[in-house]
Amino acid sequence: EPEVTQTPSHQVTQMGQEVILRCVPISNHLYFYWYRQILGQKVEFLVSFYNNEISEKSEIFDDQFSVERPDGSNFTLKIRSTKLEDSAMYFCASNLRATYNEKLFFGSGTQLSVL
Amino acid sequence: DQQVKQNSPSLSVQEGRISILNCDYTNSMFDYFLWYKKYPAEGPTFLISISSIKDKNEDGRFTVFLNKSAKHLSLHIVPSQPGDSAVYFCAASALRGGSEKLVFGKGMKLTVNP
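As a starting point, this report considers the structure included with it. Every value quoted in this text rests on a predicted model; they were computed, and no experiment measured them.

### Here we look at the pairing of strand 8 (residues 75–79) of chain A
All names here are of chain A. Of all the five residues making up strand 8, four are buried; the element is thus mostly covered by neighbouring parts of the structure. With five bridges connecting them, strand 3 (residues 19–24) and strand 8 associate as antiparallel partners. Looking at strand 8, one finds that Leu21 is bridged to Leu77. Both strand 7 (residues 65–68) and strand 8 contribute to a ladder of four bridges, which runs antiparallel. Note on strand 8: the bridge partner recorded for Val67 is Leu77. Taken together, strand 7 and the strand that follows it, strand 8, pair antiparallel across an intervening segment of six residues.

### Here we look at the packing of aromatic side chains
Tallied over the entire structure, the rule returns 17 aromatic pairs over all chains. Between the aromatic rings of Tyr35 of chain A and Phe104 of chain B, the centroid separation amounts to 5.7 Å while the plane-to-plane angle is 85°, which identifies the pairing as edge-to-face. Within this pair, whereas Tyr35 of chain A is found in strand 4 (residues 31–37), its partner Phe104 of chain B is found in strand 10 (residues 103–104), the two belonging to separate chains. Joined through ring pairs, the aromatic side chains of Tyr35, Phe45, Phe91 and Phe106 of chain A together with Tyr36, Phe46, Phe89 and Phe104 of chain B make up one cluster.

### With respect to the interface of chain B and chain A
Counting residues at the interface gives 22 residues for chain B and 21 residues for chain A. Surface buried jointly by chain B and chain A totals about 1,800 Å² across both partners, of which 56% is contributed by carbon and sulfur atoms. If you sort the residues of chain B by the area they bury against chain A, Glu100, Lys101 and Phe104 of chain B come out on top, with a joint share of 34%. The interface formed by chain B and chain A includes zero salt bridges. Seen at the junction of chain B and chain A, the total is two residue pairs in polar contact (both at pLDDT 80 or more). Listing elements by their share of the side of chain B that touches chain A, those giving two or more residues are strand 4 (32–38), strand 5 (45–51) and strand 9 (86–93) of chain B. Broken down by element, the residue count for the side of chain B that touches chain A peaks at four residues, all from strand 4 of chain B. Its residues placed into classes, the side of chain B that touches chain A shows ten nonpolar, six polar and six charged.

### Observations concerning the state of the cysteines
Taken as a whole and assessed by the stated rule, the structure comprises two disulfides over all chains. For Cys23 of chain A, the disulfide goes to Cys92 of chain A, at an S-S distance of 1.9 Å. What sets the handedness of the Cys23 of chain A and Cys92 of chain A disulfide is the S-S torsion sign, and at about -65° it is left-handed. Separated by 69 residues along the polypeptide, Cys23 of chain A in strand 3 and Cys92 of chain A in strand 9 (residues 88–95) bring together distant segments of the chain. Cys23 of chain B shares a disulfide with Cys90 of chain B; S-S distance 2.0 Å. Taking the torsion about the S-S bond as the criterion, the Cys23 of chain B to Cys90 of chain B disulfide, at about -75°, is left-handed. Taken together, the residues span a long stretch of sequence, with Cys23 of chain B in strand 3 (residues 19–25) and Cys90 of chain B in strand 9 at a distance of 67 residues.

### Considerations on the nonpolar core
Membership of the largest hydrophobic core comes to 26 residues, with the highest contact counts inside it found for Phe30, Phe33, Trp35, Leu73, Leu75 and Tyr88 of chain B. Contributions of two or more residues to this core are made by strand 3, strand 4, strand 5, strand 7 (62–67), strand 8 (72–77), strand 9 and strand 11 (108–113) of chain B. With four residues, strand 9 of chain B is the single largest residue contributor to this core. Counting residues in each nonpolar core, the second largest holds 23 residues, with Ile60, Phe75, Leu77 and Tyr90 of chain A among its members.

### So, the pattern of salt bridges
Residues and elements named next belong to chain A. One pass over the full model with this rule turns up four salt bridges over all chains. Of the charged contacts, one joins Asp86 and Arg36 as a salt bridge, the two residues approaching to 3.9 Å between their closest N and O atoms. You can see Asp86 sitting in the loop between strand 8 and strand 9 and its partner Arg36 sitting in strand 4, a full 50 residues away along the chain. For Arg36, a relative accessible area of 8% gives the class buried.

Calculation notes
- Residues numbered from 1 in each chain as written.
- Chains lettered and ligands numbered in written order.
- Predicted model: local features only at pLDDT ≥ 70, side-chain atom pairs only at ≥ 80, totals over all residues.
- Heavy atoms only, no water.
- Buried < 20%, exposed > 50% of the residue type's maximum accessible area, 1.4 Å probe, protein only.
- Helix = DSSP H or I, 4+ residues; strand = E, 2+ residues; numbered from the N terminus.
- Pairing = 2+ DSSP bridges.
- Phe/Tyr/Trp six-rings, centres within 6.5 Å; stacked < 30°, edge-to-face > 60°.
- Contact = heavy atoms within 4.5 Å.
- Buried area = accessible area lost by both parts, 1.4 Å probe.
- Salt bridge = Lys/Arg side-chain N within 4 Å of Asp/Glu carboxyl O.
- Polar contact = N/O pair within 3.5 Å; in protein donor to acceptor, adjacent residues only side chain to side chain.
- Nonpolar A, V, L, I, M, F, W, Y, C, P; charged D, E, K, R; others polar.
- Disulfide = S-S within 2.5 Å.
- Core = buried A, V, L, I, M, F, W, Y, C linked by side-chain atoms within 4.5 Å.

Here is the structure:
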């Protein structure tokens, strides 16, 4: 079965450093997302991306965050200057159509630890 | 800002019995509701969904009930199996409002004991 893959599975960084989280969505999917889950809290929407541009973003997704689809397969989330509160599990997701919420496939996540 | 609430953090049931997981929401714009299941070290996976035009949707051992007037939905698993042990997330979206995002609850850890 096709799956969304995320690398790395764990990332440790120093506060103030830039990190790039990588995702390979399912190959024929058109809509891409980032969600995150801070330990003990709910899964939160960060951003959706379609046709090479952001289609929706949350208030969490401030100027420190950016997303990019640098080639035909990768989808990245960059945090420019990490803060302690950015420590979370970051999930990438993709689907064929934005309204197909039941067909939203999540990756296994990248655990980001900011020290 | 808890638009989707799962007030019980955990539930433990015996194998073969019914598991009932509850979820409440506050945003009347939500028109589509989903349950996701998550095992450790994996991402959430879709389980079952319901549109706001329905009050029940069934898929095998899983049934979701929606009470719009109470802004409440529940997931029934019967019979429960040990493999159902996982964290279950209730999620909602406002598709008619044009939003793509899912709003999740905090999750409930279900343990099914053999």
